[in-house]
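Spelled out, the chains give:
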Amino acid sequence: MIALNRYALLALAAAFSIYNVIRGVITLPQAESPWPSIVGMALYLVVTVISLWPSSPTAMPLWLASLNLGTAVALPLLVTSQLDPSVNNGYATWHVASIGALMTITAVRRREAFAWIGIIFLTAQSIMWAGAGVALQIGIPGSILWVALASVLTRSLVRVGRDEQNLAIAEREAAQWQAAQDAHHEERRVRLKQAERVALPTLRNIILAGGSLSPQERAEAKVLEAGLRDEIRGRMLLNDAVRARVAEARRRGSVISLLDEGTLDEIAEEDRQRVLDRVAEAVASTRAHRMIVRTAPVDSPTAVTVVALNPSGDPDDDEDEVQLWLEIPRKAAVEAH
């Protein structure tokens with residue numbers, strides 16, 4: 001529908017421009033010499049065709065706006081040089097409406113400054129040629145009005161287009177926000193279901209035992225509590241293999257911290273599973289007293305860093321010794337290399 005309206009407007013502007021030229025052709029005998037007017041008609045038709053070319057962008061190129069302005073300057077000089085300002089020339093002053101139409105086209109195509117300069121020159125030249133009274137009679141006010149209306153309407157359409165674009169951006173942002181919220185709610189639902197599945201048997205046993213648990217059951221409850229904490233702080237660092245290996249390590253007495261900083265959210269699922277399988281292997285391969293598994297910064301080639309620590313064995317040294325430092329890359333090719 002938009003394309004149809006555009007072509008309809010182009011056709012209307014072309015028809016009006018041709019009508020102006022036809023009026024000029026009819027009144028050629030009134031001029032002392034028809035050739036300046038013929039040259040002016042040819043120039044006017046050429047720039048009008050270029051200005052109305054259907055595939056042209058909305059914003060008129062600077063060179064074309066300059067050409068239109070040059071035509072608006074040359075045309076009155078060519079036509080009026082062969083007319084008598086003291087008589088009623090009628091349609092012989094066809095150049096006034098023609099320049100008004102050309103400058104209107106220029107204004108619609110976002111070159112208002114060039115359009116107004118052309119109209120101001122036409123007005124000044126007409127007054128100097130035949131006086132203000134004649135200038136009013138040959139259609140100068142109409143040309144000024146057309147350019148003024150074109151300027152106002154064009155600015156309004158630009159503003160509407162900008163508002164429409166801003167609205168579209170706002171709608172996309174709202175859709176993205178809604179999608180993020182839906183994903184967040186879905187993730188929370190999945191994690192609550194996971195927590196319920198893991199914790200429900202232990203909670204049932206605690207209730208049935210009236211809170212009186214054996215040392216083994218208390219230890220298992222602590223492992224469960226740590227696992228639930230992992231579901232909150234570990235997020236993307238968890239899969240079934242990691243959960244199982246971490247639980248086994250905690251039952252052996254290891255203290256393990258899983259810290260997801262949110263830098264694995266954009267990683268491909270295949271790469272994430274590969275990284276997590278390496279994390280599970282690293283946890284299973286060490287008997288360290290303490291382990292820290294943390295995601296690396298998003299701009300790092302490393303996806304996850306695994307650090308295993310043991311007490312130094314020196315009673316005077318509070319620092320732990322590093323037993324394992326493993327950096328798991330984001331890409332499998334990097335790891336293979």
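That block above? That's the structure.
Now for a look at the structure at hand. (Residues numbered from 1 in each chain as written. Predicted model: local features only at pLDDT ≥ 70, side-chain atom pairs only at ≥ 80, totals over all residues. Heavy atoms only, no water.)

**So, helix α9 (residues 240–251)**
Phase 1: For α9, with twelve residues, the first-to-last C-alpha span of 17 Å sits near the 16 Å given by 1.5 Å per residue.
Phase 2: Buried residues belonging to α9 abut α8 (215–233), β1 (255–259) and α10 (269–285).
Phase 3: With a side-chain oxygen lying 3.2 Å from the backbone nitrogen of Ala 241, the N-terminal cap of α9 falls on Asn 239.
Phase 4: Just beyond α9, the residue with positive phi is Gly 253, at close to 110°. (Helix = DSSP H or I, 4+ residues; strand = E, 2+ residues; numbered from the N terminus. Expected span 1.5 Å × (residues − 1). Contact = heavy atoms within 4.5 Å. Polar contact = N/O pair within 3.5 Å; in protein donor to acceptor, adjacent residues only side chain to side chain.)

**Looking at the pairing of β1**
Phase 1: Here five bridges tie β1 to strand β2 (residues 290–295), and the two strands are oriented parallel to one another. Bridge pairing links Ile 256 to Met 291 in β2.
Phase 2: In the classification by handedness, the crossover that spans β1, the intervening α10 and the parallel β2 is left-handed. (Pairing = 2+ DSSP bridges. Right-handed = clockwise from strand over helix to strand, strands pointing away.)

**Concerning the sheet that holds strand β3 (residues 302–311)**
Phase 1: Spatial ordering of the open sheet is given by β1-β2-β3-β4, a layout of four strands whose pairing is mixed. Among the strands making up the open sheet, the edge pair consists of β1 and β4 (320–329). Here the average twist between neighbouring strands, direction ignored, is 10°.
Phase 2: As judged from the nine bridges shared by β3 and β4, these two strands associate in the antiparallel manner. When the sheet's bridge partners are listed, Val 307 is paired in β4 with Trp 325.
Phase 3: Sitting on the sheet, α10 touches β1, β2, β3 and β4, and the angle it makes with β4 is about 160°. (Axes fitted to C-alpha atoms, helices over the stretch in contact; angles between N-to-C directions.)

**Re the layout of surface pockets**
Phase 1: Reported here for the largest pocket is a volume of approximately 1500 Å³.
Phase 2: Within the residue set of the lining of the largest pocket, elements represented by two or more residues are α1 (2–26), α4 (94–108), α6 (132–137) and α7 (140–208).
Phase 3: Residues belonging to the lining of the largest pocket are distributed by class as follows: 26 nonpolar, 17 polar and five charged. (1 Å grid on protein atoms, 1.4 Å probe; cavity = no way out; pocket = protein on both sides within 12 Å on 5 of 7 lines; lining within 4 Å. Points joined across faces, edges and corners; volume = space filled by probe spheres on them. Nonpolar A, V, L, I, M, F, W, Y, C, P; charged D, E, K, R; others polar.)

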